[in-house]
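Fold and geometry: a report
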Amino acid sequence: MISVEGLTRRFGETVAVDGLTVEIGDGEVFGLLGPNGAGKTTTIRMLAGLIGVTSGRATVCGVDVTDRSAGPRLRGLVGVLPEEVGLYGDLSAAQTLDFFGRLQHLRPGVRAERIDELLNRLDLWDRRDTPAASLSKGLKQRLALARALVHDPPVVLLDEPTANLDPEVARTVREFLVDLRTRGHTVVINTHRLEEAERICDRVGILRTRLLRVGAPTDLRASMTGGRVTIGLEQVTDPVLEAAQRLCSGATGNGRGHLPHGAALVSGDRSITATLPVGTAVADLVTAVVLAGGRVTTVSQGESLEDVYLQIVEERS
Ligand SMILES: Nc1ncnc2c1ncn2[C@@H]1O[C@H](COP(=O)(O)OP(=O)(O)OP(=O)(O)O)[C@@H](O)[C@H]1O
């Protein structure tokens, strides 16, 4: 659905995005994560055809985003929520959607139905006659999201869709995005909210001018080295404890009984909790435990996507 190869954008001396290559599939929610100035907004703008590319290529539903003559086709395929929502202040919420529905050549009946649906889904119905200028930040954000979706585009590009939203409304928007995926839409979101990315994204890409890593949040967490992990076992044996202890720096105790809380390794009858040194992955520990004869029942990581993100961004600085 979205195919990107070597996409690069410079602004004068500044390289905003460097050699981005990624494939994003139909019905996928893909999160772009990265620090301030990482090139996330620039990527969204290139994919939407709002700015040119310096080199490389990208297609959206087979349409080349660098082909200027493809602009109208691209606008029909893509819905964009930009960083700056930019609404016409005099138009009411309903008029705004009607205006953009007309620009997308929606027939009157379809347009009216779509507008009612979006106003309801995004909790804007009671404010449908309020001029955009009088809406709060969060309401403007929701109206801009509705505007991006008025023509029911197969691809939706959203720059910080839940910025400015209170937790309850942010949840409504997240549910809405998950529903878009269920209906086969491809969604790309820029976000700084890592717990949100973890909850709704099938995969995330960690960008810092270059793409540092791509993967499902659970796979990225599994690839993290260091951190805390609890392994459930049918039985904790001495060989298992010794194997686990070898992997944990700063381990204390004799490896036989219950080690003191706060040590690199804490064991119970049916579980061990280890604090791994950086450079040692959860998979290394599980392998060591299994090779020592341990029968593993569960593995749970204490670390969040935020920990993984910080590790990836920091190790590449
Ligand atoms: N129109 C522009 N002119 C000059 N430089 C720009 C322009 N747009 C972006 N940049 C530069 O490109 C780099 C990437 O910016 P971009 O806005 O894409 O980052 P971002 O990841 O979206 O950041 P944030 O999380 O802060 O929104 C930055 O160094 C920025 O200053």
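As recorded in an unreviewed UniProt entry, the protein chain goes by ABC transporter ATPase and comes from Intrasporangium chromatireducens Q5-1. Per its UniProt entry, the protein chain bears the Sequence similarities (unreviewed entry) comment "Belongs to the ABC transporter superfamily."

So, about helix 1 (residues 40-47). Along an α-helix, a turn takes 3.6 residues, which lines up residues three or four apart on a common side. Among the eight residues that make up helix 1, seven are buried, leaving the element largely enclosed by the rest of the structure. Turning to helix 1, its buried residues are Lys40, Thr42, Thr43, Ile44, Arg45, Met46 and Leu47. Looking one or two residues beyond helix 1, the residue adopting positive phi is Gly49, at roughly 75 degrees.

Relative to each other, helix 3 (residues 93-103) and helix 4 (residues 108-121) sit at 135 degrees, their axes nearing to 10 Å. Relative to helix 4, the element helix 3 lies oblique. Note on packing geometry: the crossing formed by helix 3 with helix 4 is right-handed. Within the contact between the two elements, helix 3 uses Ala93, Ala94, Leu97, Asp98 and Gly101 and helix 4 uses Arg111, Arg114, Ile115, Leu118 and Leu119. Its residues assigned to classes, the contact of helix 3 with helix 4 shows six nonpolar, one polar and three charged.

Bringing unusual backbone geometry into the picture now. Even without being glycine, His105 reaches a positive phi, approximately 60 degrees. Along the chain, His105 turns up in the loop between helix 3 and helix 4. By C-beta crowding, His105 is classed as exposed, having 11 other C-beta atoms within 10 Å. In this structure, Glu160 takes a positive phi of about 55 degrees despite not being glycine. On the secondary structure map, Glu160 appears in the loop between strand 7 (155-159) and helix 6 (167-182). Here Glu160 falls in the partly exposed class, since 19 other C-beta atoms lie within 10 Å of it.

Okay, the pairing of strand 11 (residues 225-233) next. With seven bridges connecting them, strand 11 and strand 13 (residues 271-281) associate as antiparallel partners. Within strand 13, the position partnered with Thr230 by the bridge is Thr273. Relative to strand 14 (residues 296-301), strand 11 runs antiparallel, the two being bridged by five bridges. Counted as the bridge partner of Gly232 is Thr298 from strand 14.

All right, on to the sheet that holds strand 12 (residues 265-267) then. The antiparallel open sheet is built from four strands, whose spatial order is 12-13-11-14. With one partner strand each, in any of the chains shown, strand 12 and strand 14 form the two edges of the open sheet. Strand-to-strand, the axes of this sheet are offset by a mean angle of 25 degrees, without reference to chain direction. Where strand 12 lies against strand 13, three bridges are found, and the strand directions are antiparallel. Along strand 13, the bridge assignment pairs Leu265 with Ala274. Together, strand 11, strand 12 and strand 13 form the strand contacts of helix 9 (residues 238-247), whose direction differs from that of strand 13 by roughly 30 degrees.

Looking at the ligand, the residues that line it are Phe11, Thr14, Ala16, Gly34, Asn36, Gly37, Ala38, Gly39, Lys40, Thr41 and Thr42. Secondary-structure elements contributing two or more residues to the shell around the ligand are strand 2 (14-24) and helix 1. Here the shell around the ligand gets three residues from one element, more than from any other, and that element is helix 1.

About the cut-offs
- Residues numbered from 1 in each chain as written.
- Predicted model: local features only at pLDDT ≥ 70, side-chain atom pairs only at ≥ 80, totals over all residues.
- UniProt positions renumbered as here; feature names shortened; annotations may be inferred.
- Buried ≥ 20, exposed ≤ 12 C-beta atoms within 10 Å, placed from the backbone.
- Helix = DSSP H or I, 4+ residues; strand = E, 2+ residues; numbered from the N terminus.
- Axes fitted to C-alpha atoms, helices over the stretch in contact; angles between N-to-C directions.
- Parallel < 35°, antiparallel > 145°, perpendicular 65-115°, else oblique.
- Left-handed = near helix turned anticlockwise from the far one by under 90°.
- Contact = placed C-beta atoms within 7 Å.
- Nonpolar A, V, L, I, M, F, W, Y, C, P; charged D, E, K, R; others polar.
- Pairing = 2+ DSSP bridges.
- Near = placed C-beta within 6 Å.

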